[in-house]
Amino acid sequence: MRGTIVAGALGNCVHVAGVAGLLGIAQQLGYKTVFLGAAVSVDDFVEAVREHDPDIVGVSYRLTPEVGKRLVSDLKSALERSELLDRRFVFGGTPPVCEAVKELDWFEYYFTGLENTDAVWTYLKGEEAGKSCTECTGTLLERLEHKHPYPLLRHHFGLPDLDATINGVRKIAESGVLDIISIAPDQNAQESFFRPEEMDPTMDGAGGVPVRRREDLTAMYSAAQCGNYPLLRVYSGTRDLISWAKMSAETISNAWAAIPLCWYSVLDGRSNRTPEGAIRENQECMRWHAERGIPVEVNEPHHWGLRDAHDVISVVMAYLAAYNAKQMGVSHYIAQYMFNTPPGLSPVMDLAKVQAQIEMVESLHGPEFYSFRQVRAGLLHLSPQMNKAKGQLAASTMLSLAVAPHIIHVVGYCEGDHAASADDVIESCEIVHGVLKNCQTGMQALIGSEEVGRRRKYLMDEAEVLLGAIRDFGRDEEDAFSDPAVITGAIKQGLLDAPHLKGNPYASGTLETRVIGGALEAVDHDTKEPICESERLQSLLSCIVG
């Protein structure tokens, strides 16, 4: 037990939502709380402090500043006469009321409603609200511990102009709304940074910031050394991954590496690596980071979902991604769970799919392997109409809180229309902070619904069928799930497949899927009715034998 907090609204003020919010957070942190309610007189406030002898007293007033200042002055005098001022006092009110009350020079912190919700958590944990994170959060793990149970916020950022990106990083850092800035280099940099002679100048700035020198990353890191000192990370590149890894560790102290398992290859056209060659290099990169204690994210399952692979394959690939990271020696794994992918999934079916992914990934936990949950809204579901997109971002964030994420990958609400500017990043993060303020707790009850449970169990059972087929396919290998040749063969034969791979010579491309009842299902080519994995795999076997 941390101690006792007594809080209420003073005088004639009946607005107690802020008081209730403060006490709700305090309860989660282990405080004993006493809620005095609305319109508490000065005498009743003094009596409550005398009776409960709290460590912290919360006073709220949200009406006329002049009246609030007088009431607070009366309360202070009454507590002083009763010799009850020997404790911590915090005030909550509108910005004008707080400004008026500050003239009394009494409270150690003022909550105006303008601060991010994590400031409340920070204060109640006994830390200085709003202080910089340079001393206590130099790594991802330190920052996670520092902010817990408030999730970290991450957002990608990279404009076609280098100077604008550097200035934007500084502006985002100064705003204090974001914990991790993911630098997004343009495609020229991701594929050919170490082979500049291959770059196509006409593609400069396509998809991100034109990083051309190590010093460009160093400049971004320097720009982030202000505000709340956000951590930085950068895309792993689509080729020369080890060279990218070394450079990003040396220039920006890369918070974690995001590496695919099968992609950034000829499967998606982002490099000329064959699937088997890409898997081998990706695994080598995972191992390189593991040996240096750098966390790793294998951004794999949503790549299949973005290409309309059915839910079972998304669940299986979440497992295989984490499995490969563990086999490469990764200790701290960032498991990304993308909601709304593809667009059209119902909230219930979406949540069931993610919950199945989580249970499959976390079945791998052990003394040497632990995963952190990172959630995000689906990029493709955001409307190009900005106000609609803001609602979609908020709704997706609210749903994702049901899985108690450690990290929220904030997707700019504007992504359906344009790449996020610094102002767009800040606004998107403020939307998410707003959702967290209202909904951080209590959403976990959604995963206990009967419908979610039924679908989750079905997906996990079907995933075991598909994993069994992959294991049988690689029966001559000691570890089929991490063997590049086995995984490549499973893609070529159609065990792992997606409709968008049709015509790709390295894949089967024969899978057909449909959104049915809010879930993405594999369907029979002729009847268009949903089929289970055993039926789908039997059909594939018949085609191969035939």
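The following paragraphs examine the structure supplied in this document. Since we're looking at a predicted model, the values are computed, not measured. (Residues numbered from 1 in each chain as written. Predicted model: local features only at pLDDT ≥ 70, side-chain atom pairs only at ≥ 80, totals over all residues. Heavy atoms only, no water.)

A look at the packing of aromatic side chains
Link 1 in the chain: Within this structure, the stated rule accounts for 17 aromatic pairs.
Link 2 in the chain: With a centroid separation of 4.9 Å and an interplanar angle of 70°, the aromatic rings of Phe 193 and Phe 194 are classed as edge-to-face.
Link 3 in the chain: Taking relative accessible area as the criterion, Phe 193 reaches 11% and is therefore assigned buried.
Link 4 in the chain: Taken together, the ring pairs connect Phe 89, Phe 91, Trp 106, Phe 107 and Tyr 110 into an aromatic cluster.
Link 5 in the chain: Of note, Arg 88 hangs over the ring of Tyr 123, and the distance from its end group to the ring centre comes to 4.9 Å.
Link 6 in the chain: Over the aromatic face of Tyr 413 sits the side chain of Lys 390, whose NZ or CZ is 5.1 Å from the ring centroid. (Phe/Tyr/Trp six-rings, centres within 6.5 Å; stacked < 30°, edge-to-face > 60°. Buried < 20%, exposed > 50% of the residue type's maximum accessible area, 1.4 Å probe, protein only. Lys NZ or Arg CZ within 6 Å of the ring centre and 35° of its normal.)

Considering the side chain of Ser 396
Link 1 in the chain: Assignment of secondary structure puts Ser 396 in helix H15 (residues 386-400).
Link 2 in the chain: What makes Ser 396 buried here is its relative accessible area of 3%.
Link 3 in the chain: Apart from residues no more than four positions distant in its own chain, Ser 396 is found in contact with Phe 339, Asn 340, Arg 376, Ala 377 and His 381. (Helix = DSSP H or I, 4+ residues; strand = E, 2+ residues; numbered from the N terminus. Contact = heavy atoms within 4.5 Å.)

Re helix H10 (residues 241-252)
A turn of α-helix holds 3.6 residues, and therefore any two residues three or four places apart point the same way.
Link 1 in the chain: A rise of 1.5 Å per residue sets the reference length of H10, with its 12 residues, at 16 Å; its end C-alpha atoms lie 16 Å apart and thus fit the reference within 8%.
Link 2 in the chain: Those residues of H10 not exposed but buried are Leu 241, Ile 242, Trp 244, Ala 245, Met 247, Ser 248, Thr 251 and Ile 252.
Link 3 in the chain: Residues of H10 that are buried in the fold lie against helix H8 (187-192), helix H9 (214-223), strand S8 (231-234) and helix H11 (275-291).
Link 4 in the chain: Of the residues one or two after H10, Ser 253 is the one with positive phi, at around 50°. (Expected span 1.5 Å × (residues − 1).)

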